[in-house]
Amino acid sequence: MRPPTHFGNDITNTEANGDEQQNNNNNNNGGGGNGGNNGNNGGSNTDYIVERLTQMGATINFPKVAGRGIIRVVERCDDAKENNNLDLSECELIQVPDAVYHLMRHTELKTCDLSSNVITKISPKFAVKFSFITDLNLSHNQMARLPDELADLHSLEMLDISHNTFITLPAVVFKMPKLRELKANNNAIIDIDRDEIITSDSLEVVDLRHNPLTPMCHDLLKHAVVSFRIELSEREKEDWEDLTI
């Protein structure tokens, strides 16, 4: 069962969580001694999970504040064991921690949602651990590159890297054998590798809207003869291009 949605705010709402943690500490201390056998075994398990996941780089380094956010990650992993869809969106992750790979080691995931975090990179082992996924959502993060190893995602059909900081399309996306849809809108893409974009046999649509493409690149893509659809925003002319000024 997925935890209540307010878990998503526990990582950033430091003031509120600080009060809550103070109350919890007072309650625990009121039990006397070290509190290890006060009947609240869930608390000790929670502390252990928080400590281990934080050590493994699960989230922003505010262990006490991020505690319940990390528990949210663990409970979502438990959900994924039942439905094969891993949803780790809005968990304040800076990377996919090793603990997640461990928790998912016996699960054949079909989809993975890592959107709306602060992830800057994806580990090369992601493709090894989650090799059967068909849908990967990396949108609304802080990534500027993808590892070449993601070419080993042989079942991936949909990839969303929108709302990141890519300045060029990562070449690996054209090496994914079954990729049909690529969302790369709202990045900082200026140019693309003209040789790479014509090499995909599986792509059906590439969304490049709302990127600061150079005039030459925009025109090239607009008139490109490719087997898939390229979605572009209308290019606004620079001041120097407007001869009426």
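Everything numeric here is computed off the predicted structure, so don't read it as measured data. Every chain begins its residue count from 1, and numbering advances along the sequence as written. Residues qualify for local features only when their pLDDT is at least 70, as the model is predicted, and side-chain atom pairs are given and counted only at 80 or more; totals for whole chains, interfaces and linings, by contrast, use all residues. With hydrogens and water stripped out, all remaining heavy atoms of the structure feed into the side-chain values.

Engineer: What should I look at first to understand the side chain of Asn164 in this one?
Structural biologist: For Asn164, the location among the structural elements is in the loop between strand 4 (158-160) and strand 5 (181-183). Within the structure, Asn164 has its side chain in polar contact with the backbone oxygen of Leu138 (distance 3.0 Å). Polar side-chain contacts of Asn164 include one of 2.9 Å to the backbone nitrogen of Met143. Here a residue-residue contact requires only that any non-hydrogen atoms of the pair lie within 4.5 Å. Apart from the residues within four sequence positions on either side, Asn164 is in contact with Leu138, Ser139, His140, Asn141, Gln142, Met143, Asn186 and Asn187. We count a stretch as a helix when DSSP gives it H or I for four or more residues in a row; a strand needs E for two or more, and each element gets its number in order from the N terminus. A 3.5 Å cut-off defines polar contacts: any pair of N or O atoms within that distance qualifies, except that in protein one atom must be a possible hydrogen donor and the other a possible acceptor, and neighbouring residues in sequence count only when both atoms are side-chain atoms.

Engineer: Is there a simple way to think about the environment of Gln142 in this case?
Structural biologist: If you trace the backbone, Gln142 turns up in the loop between strand 3 (135-137) and strand 4. Given the relative accessible area of 43%, Gln142 is considered partly exposed. In sequence terms Gln142 and Thr165 are 23 residues apart; their C-alpha atoms lie 5.8 Å from each other. Residue contacts for Gln142: discarding those within four places in its chain leaves Val118, Ile119, Thr120, Asn164 and Thr165. Only protein chains enter the accessibility calculation, which uses a 1.4 Å probe. A residue is then buried if its area is under 20% of the maximum for its type, exposed if over 50%, and partly exposed in between.

Engineer: Help me out: how do you make sense of unusual backbone geometry in this one?
Structural biologist: Excluding glycine, residues mostly carry a negative phi; peptide bonds, for their part, are mostly trans. Of note in the backbone geometry, Asn84 takes a positive phi value of approximately 65° without being a glycine. Of note in this structure, Glu90 is not a glycine but carries a positive phi near 55°. Topologically, Glu90 is positioned in the loop between strand 1 (85-87) and helix 4 (98-103). The exposure class of Glu90 is partly exposed, given its relative accessible area of 48%.

Engineer: Before we go on, may I ask you to explain the packing of aromatic side chains in this structure?
Structural biologist: In this description, an aromatic ring pair is defined by two values, namely the gap between the centres and the angle between the planes. Classification of ring pairs rests on two measures: the distance between centres of Phe, Tyr or Trp rings, Trp counted by its six-membered ring, which must be within 6.5 Å, and the angle between planes, read as stacked under 30 degrees, edge-to-face over 60 and tilted in between. Under the criterion given, the structure shown has 2 aromatic pairs. When the centroid spacing of 5.3 Å and the interplanar angle of 50° are considered together, the rings of Tyr101 and Phe130 count as tilted. Within this pair, whereas Tyr101 is found in helix 4, its partner Phe130 is found in the loop between helix 5 (126-129) and strand 3, the two being separated by 29 residues in sequence. The two residues Tyr101 and Phe130 agree in class, both being buried. Centre to centre, the rings of Phe126 and Phe130 are 5.0 Å apart; their planes meet at 85°, and the pair counts as edge-to-face. Phe130 carries the same exposure label as Phe126, and that label is buried.

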